[in-house]
Amino acid sequence: MKIYETKTAPNPRRVRMFLEEKGLLDKVEFIQIDLAKGENLTPEFAARNPMKKVPVLELDDGTCISETMAICRYFEELHPETTPLLGEGPLGKAKTEQWLRWIEYFFFLPTGMCFQHTSGYFKDRMNPIKEWGEECGKNVEKFFHFLNKHLEGREYICGETFSAADINAFTTVDFNKVINIRIKPEQTHLQAWYDRIKARPSSKV
Ligand SMILES: N[C@@H](CCC(=O)N[C@@H](CS)C(=O)NCC(=O)O)C(=O)O
């Protein structure tokens, strides 16, 4: 199996952390795609993912799976003997999914929009609108505040068990450094949770 990815990009990092937590990282060969050079925009890459984004998982028979959470779901189902990261039982799975979607819509996406629209990083392929980026940044700040309150008295985002919700929120908090949004000194619950996740070996992959 191969994963086409970019080491510095946040979506592929979510997949690497997920695989490391399951002890599956060495099952996959990683192939680096240079996004700045537009290696994801070639017809060859588009044949693997018509959305032209990383990560993409390519199975040995050539089948390609795009979308970070679809790739994570594939490994969760393929290896039921590994630590579950997408919840257990009807309620656990539903609550984890709820958090994954909140984090994706209200945290990860505005973070990405703030980065792309204020930095102009992809201005060769999109039309950055600075005001939109700044507005998204304000929503990201609100989510930091929301997470801080939520994490008071909780070890992990879904409660007592580490899950993909922690991976996705952690990698998003980290990526926010590039747009200069950081945990504030008074956000002590968020900081304590961040330090707990950072201490896990998977945060280094
Ligand atoms: N919804 C996709 C988003 C993937 C995505 O936006 N990947 C970024 C890197 S983190 C990318 O490939 N950007 C290249 C571009 O926009 O040209 C997922 O969850 O995997």
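Because the structure is predicted, anything quoted here is derived from the model rather than measured. Position labels on residues start from 1 in each chain and follow its written sequence. In view of the model being predicted, local features appear only for residues whose pLDDT reaches at least 70, and side-chain atom pairs are presented and counted only at 80 or more, with totals across whole chains, interfaces and linings using the full set of residues.

### Considerations on helix H5 (residues 130-150)
- The terminal C-alpha atoms of H5 lie 30 Å apart, and with 21 residues this matches the ideal 30 Å at 1.5 Å per residue to within 8%.
- Buried-residue contacts for H5 involve helix H4 (89-119), helix H6 (164-175) and helix H7 (188-198). A run of DSSP states H or I qualifies as a helix once it reaches four residues; a run of E qualifies as a strand once it reaches two. Both are numbered from the N-terminal end. One less than the number of residues in a helix, times 1.5 Å, gives the span that helix is expected to have. Contact definition: two residues whose C-beta atoms, as placed from backbone geometry, lie within 7 Å.

### Focus on the domain arrangement of the protein
- Looking at the protein, the domain boundaries give domain 1 (2-78) and domain 2 (89-204).
- Residue ranges labeled as domains rest on an automatic or database domain assignment. Taking only C-alpha atoms into account, the centre of domain 1 sits 21 Å from that of domain 2.
- On the side of domain 2, 12 residues touch domain 1, which itself brings 11 residues to the contact.
- Elements represented by at least two residues in the side of domain 1 that touches domain 2 include exactly helix H1 (10-22) and helix H3 (68-78).
- Top element by residues in the side of domain 1 that touches domain 2 is H1. It accounts for seven residues.
- Its residues assigned to classes, the side of domain 1 that touches domain 2 shows six nonpolar, one polar and four charged. Three residue categories are used. Nonpolar comprises Ala, Val, Leu, Ile, Met, Phe, Trp, Tyr, Cys and Pro, charged comprises Asp, Glu, Lys and Arg, and polar comprises the others, including Gly.

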